[in-house]
Amino acid sequence: MKNQLFINGCWVAPIKGGSFDTIDPSNEVAIAQIAAATKEDVNLAVLAARDAFDKSGWPELSGKDRADYLRRIASLIRDKQQLLAELEVRDNGKPLPEALWDIGDTAYCFDFYADLAEKLDDEREKTVGLSDERFSAVARKEPVGVCGAIIPWNFPLLMAAWKVAPALAAGCTVVLKPSEVTPLTALQLAEIAREAELPPGVLNVITGLGAEAGAALTEHPGIDKLAFTGSVPTGRKIMQAAAADIKNVSLELGGKSAFIVFEDSDITQAVEWILFGIFWNKGEVCSATSRVLVQRSLYPALLERLVSEAERITIGCGFENGVLLGPLVNATQYEKVQRAIALGVEQGATLLSGGRRPAGKDTGYYLQPTIFTDMSEDSAIWCEEIFGPVVCIRAFDDEAEALASANRSRFGLAAAVMSADLQRAERVARKLRAGIVWINCSQPTFTEAPWGGYKQSGIGRELGEWGLNNYLETKQITRYDSQQPWGWYIK
């Protein structure tokens, strides 16, 4: 793995020569040394992206031509799917089948936005009907400019695709800053872009620490748009930095998503979706349905079944067959989740299952699937995002109570509802204050559908046509068509 940055189509050493280790969370061993960008490196990357946008003709290419590049990238990702998935297992800790799934979705994302890039050729300009026939006007879609994209560590390459693919489709240029915790597949994406012969400067990848490289990117005056996925505190800092230049910002932040399970639900399906909703990807999912509300008559039986099934989940290294729960991503996150569990117990919640290091797993950041009950609605474990395999369960009596509890949160990213009564499920879905709502399931995500949240869960939407619009500005061009003087001054 290169200890270099990808700037203006070339691999270059960081100006100050700094580096940091990336760690395999399954064994706590360093995998590679990664280049640590500083403010000076970020400046070079932004200038390269600026020149590519202003001088290379990239924004003026037809959507079809840009789509050709995106499809080449998609094809190369598929060719390297096994390699990329294995890197994500080593870097992030997730099980290999999940990583393969993520890489497949990544390739599809580039293909999807290639299709939308082609459609832009026909949809770039729209005639606007005016009340004065002496004038004509069009509304024109144009790329927003140079984009700074900062991505998290839970779905490293997929989150890069969610930003890079629509930005390139729109005609923008990009400086991508991956998480310092999981930088490996972003560096591979840079090499893939080079192999796809993407013009120099259109995509730049800088690795480094958030406090230095990330801050320099958000504050750089040459950036037109910032796209960030991560925590609320960091999102708040990015928004504050962007305010200095009134930069265009899209933020996909945290969540504490509710899952309402009514008494008529099939218990087997309910348990499976609850497990998937919180333990998939080790619970390191912004939309994880970590607050589960179960109607009281179903509550005892569901709880018993849930604990039984959770305790059967195989924990281990992501390369081992049958593993469904890998290690948490790093020591920092492991300690954070352990502190949250300890605080839950301290505040009076019942630790019903898990919450400890599995027997025989003395090395690596492993944690048992954890189930809490009997917590108050103002307790930290019920209100705050934990970002780990920890689920909180409460009983409710009626629909109104469940909705009030689900919506009583500063977050609004996602929610789920399960019921055999589809009319009730649809009614509840429309009353949940969240940007993504699932009925009789939890967590399925489709590139075609919008993704984003209400309240402190973010600003803007990714994926689908909404994701493309994130990287487009709308320009009005109005023309005076009459041969007669306007008449304000000349009579």
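Structure's up top.
Residues numbered from 1 in each chain as written. Predicted model: local features only at pLDDT ≥ 70, side-chain atom pairs only at ≥ 80, totals over all residues. Heavy atoms only, no water.

Chemist: Explain the state of the cysteines to me, and be specific about the residues and the numbers.
Modeler: A full pass over the atoms with the stated rule returns zero disulfides. This cysteine, Cys 172, is not joined by any disulfide, and Cys 147 carries the nearest cysteine sulfur, 3.8 Å off. Assessed through its relative accessible area of 0%, Cys 172 is described here as buried. Counting only cysteine sulfurs, Cys 392 is the nearest neighbor of Cys 383, a cysteine outside any disulfide, at a range of 9.4 Å. The partly exposed category is assigned to Cys 383, whose relative accessible area is 24%. (Disulfide = S-S within 2.5 Å. Buried < 20%, exposed > 50% of the residue type's maximum accessible area, 1.4 Å probe, protein only.)

Chemist: Give me the lowdown on a negative patch on the surface, citing residues and values where you can.
Modeler: There is a patch of like negative charges on the surface, built from Asp 65, Asp 121, Asp 122, Glu 123 and Glu 465. Top element by residues in the negative patch is helix H4 (residues 96–123). It accounts for three residues. Relative to the assigned elements, Glu 465 resides in helix H15 (residues 464–469). (Patch = residues over 30% accessible without salt bridge, like charges linked within 9 Å, V, L, I, M, F, W, Y side chains within 5 Å. Areas by Shrake-Rupley, 256 points an atom, 1.4 Å probe, with all protein chains shown as cover. Salt bridge = Lys/Arg side-chain N within 4 Å of Asp/Glu carboxyl O. Lys, Arg positive; Asp, Glu negative; His and termini not counted. Charge placed at Lys NZ, Arg CZ, Asp CG, Glu CD. Helix = DSSP H or I, 4+ residues; strand = E, 2+ residues; numbered from the N terminus.)

Chemist: An account of the nonpolar core is needed here, citing residue identities and associated values.
Modeler: Phe 110, Tyr 113 and Leu 176 are the most contacted members of the largest nonpolar core, which totals 110 residues. Counting residues in each nonpolar core, the second largest holds 30 residues, with Ile 260, Phe 262, Phe 396 and Ala 402 among its members. (Core = buried A, V, L, I, M, F, W, Y, C linked by side-chain atoms within 4.5 Å.)

Chemist: Explain the environment of Lys 475 to me, using residue names and the numbers behind them.
Modeler: Tracing the backbone shows Lys 475 in strand E22 (residues 472–480). A residue is classified by how much of its surface remains accessible, and Lys 475, at 37% relative accessible area, is partly exposed. Sequence separation of Lys 475 and Ile 15 is 460 residues, and the distance between their C-alpha atoms is 39 Å. For Lys 475, the residues in contact, after removing those within four places along its chain, are Val 138, Ala 139, Arg 140 and Glu 142. Side chain to side chain, Lys 475 and Glu 142 meet in a polar contact 3.2 Å long. (Contact = heavy atoms within 4.5 Å. Polar contact = N/O pair within 3.5 Å; in protein donor to acceptor, adjacent residues only side chain to side chain.)

Chemist: An account of the pattern of salt bridges is requested, with residue identities and associated values reported.
Modeler: In total, this model carries 28 salt bridges according to the counting rule given. A salt bridge links Asp 54 to Arg 50, with the nearest nitrogen and oxygen atoms 3.0 Å apart. With Asp 54 and Arg 50 both in helix H1 (residues 39–55) and four residues apart, this pair spans about one turn of that helix. Residue Asp 54 is classed as partly exposed on the basis of its relative accessible area of 49%. Overlapping salt bridges bring together Glu 125, Arg 140, Glu 142 and Lys 475 as one network.

Chemist: Can you explain the pairing of strand E4 (residues 29–35)? Please cite residues and give values.
Modeler: Note: strand E3 (residues 19–24) against E4, six bridges, orientation antiparallel. Counterpart to Ser 19 in the pairing with E4 is Ala 35. Hairpin connection, E3 to E4: the antiparallel pair is bridged by four residues, and Glu 28 has positive phi, about 65°. (Pairing = 2+ DSSP bridges.)

Chemist: An account of the environment of Pro 327 is needed here, citing residue identities and associated values.
Modeler: Mapped onto the elements of the fold, Pro 327 is located in the loop between helix H10 (299–310) and helix H11 (331–346). Given the relative accessible area of 0%, Pro 327 is considered buried. Residues Pro 327 and Pro 14 lie 313 residues apart in sequence; the distance between their C-alpha atoms is 31 Å.

Chemist: Can you lay out the packing of helix H3 (residues 81–92) against helix H6 (residues 184–195) for me, pointing to particular residues and giving the numbers?
Modeler: Orientation of H3 relative to H6, taken along the N-to-C sense of each, is 155°, at an axis distance of 9 Å. In terms of orientation, H3 lies roughly antiparallel with respect to H6. Along the contact surface, H3 presents Leu 83, Leu 84, Leu 87, Glu 88 and Asp 91, while H6 presents Leu 184, Thr 185, Gln 188 and Ile 192. (Axes fitted to C-alpha atoms, helices over the stretch in contact; angles between N-to-C directions. Parallel < 35°, antiparallel > 145°, perpendicular 65-115°, else oblique.)

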